[in-house]
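# Descriptive analysis of the structure
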Amino acid sequence: MEKIYQELLEKAKKASLNTYSPYSNFPVGACVLYENNNEYLGCNVENVSYGLTLCAERNAISTAITNNEKTKIKAIAIYSPKQTKCMPCGACRQWLSEFASEQGCKIILEDNNDGILILNLEEIFPSGFKFEK
Ligand code: THU
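Residues numbered from 1 in each chain as written. Predicted model: local features only at pLDDT ≥ 70, side-chain atom pairs only at ≥ 80, totals over all residues. Heavy atoms only, no water.

For the rest of this paragraph, the subject is helix 3 (residues 90-99). Taken together, the buried positions of helix 3 are Cys92, Arg93, Leu96 and Ser97. Mapping the buried residues of helix 3 onto a view down its axis gives an arc of 140 degrees, with all of them on the same face. Contacts made by the buried residues of helix 3 are with helix 2 (56-66), strand 3 (73-79), strand 4 (106-110) and helix 4 (121-124). (Buried < 20%, exposed > 50% of the residue type's maximum accessible area, 1.4 Å probe, protein only. Helix = DSSP H or I, 4+ residues; strand = E, 2+ residues; numbered from the N terminus. Arc of directions from axis to C-beta. Contact = heavy atoms within 4.5 Å.)

This is the structure in structure tokens:
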């Protein structure tokens, strides 16, 4: 399992090379893994109107939806060359919780010393907003 997560992080790293982040100079890449083992990439896309910036994680999830993905997310790897342990922002946590697998959603990050850090979405985003449809 650890190997799958390492590979996911490598893919997030590659996606970070495609970033459009001239304002922050803070590239981010993400690779999201679904229950059916489909994977989708995303990178951050900034805008001169700063608040319009799209995060890598939400771009990856949008790509999944665009490709008609109907299963849930079991893991997401997030990588920035500028920072180890590049945690997802609050908005991205809320997005992840919308599509997270009932069995849980792992957050895969680069740790110090080239290792990987595996967190659970539940622990970094407990009690997220929900309502009954
Ligand atoms: N960023 C992401 O792509 N994901 C996050 O979860 C946090 C921040 C991007 C947005 C912006 O382009 C840059 O990182 C600096 O904030």
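What follows continues from the structure just given.
The next subject is the site of the ligand. The ligand sits among Ser24, Phe26, Val28, Asn44, Glu46, Thr53, Cys55, Ala56, Glu57, Met87, Pro88 and Cys89. Within the contact set of the ligand, an oxygen atom lies 2.9 Å away from a side-chain nitrogen or oxygen of Asn44. Take Ala56: an N or O atom from its main chain is 2.9 Å from an oxygen atom of the ligand. When isolated, the ligand has an accessible area of 370 Å², and the protein chains bury 79% of it. (Near = heavy atom within 4 Å. Polar contact = N/O pair within 3.5 Å; in protein donor to acceptor, adjacent residues only side chain to side chain. Areas by Shrake-Rupley, 256 points an atom, 1.4 Å probe, with all protein chains shown as cover.)

Further remarks concern the nonpolar core. Grouped together as the largest cluster of nonpolar side chains are 22 residues, with contacts concentrated most on Ile107 and Leu121. Breaking this core down by element, the ones donating at least two residues are strand 1 (29-34), helix 2, strand 3, strand 4 and helix 4. Considering each element in turn, this core owes the most residues, four residues, to helix 2. The contacts of Leu121, once residues within four sequence positions are left out, are Arg93, Leu96, Ser97, Ala100, Cys105 and Ile107. (Core = buried A, V, L, I, M, F, W, Y, C linked by side-chain atoms within 4.5 Å.)

A separate point is the pairing of strand 2 (residues 39-43). Bridge count between strand 1 and strand 2: five bridges; the pairing is antiparallel. Along strand 2, the bridge assignment pairs Gly29 with Cys43. The turn linking strand 1 back onto strand 2 is made up of four residues, and Asn37 within it adopts a positive phi angle of 70 degrees. (Pairing = 2+ DSSP bridges.)

Shape descriptors only; they carry no functional weight alone.
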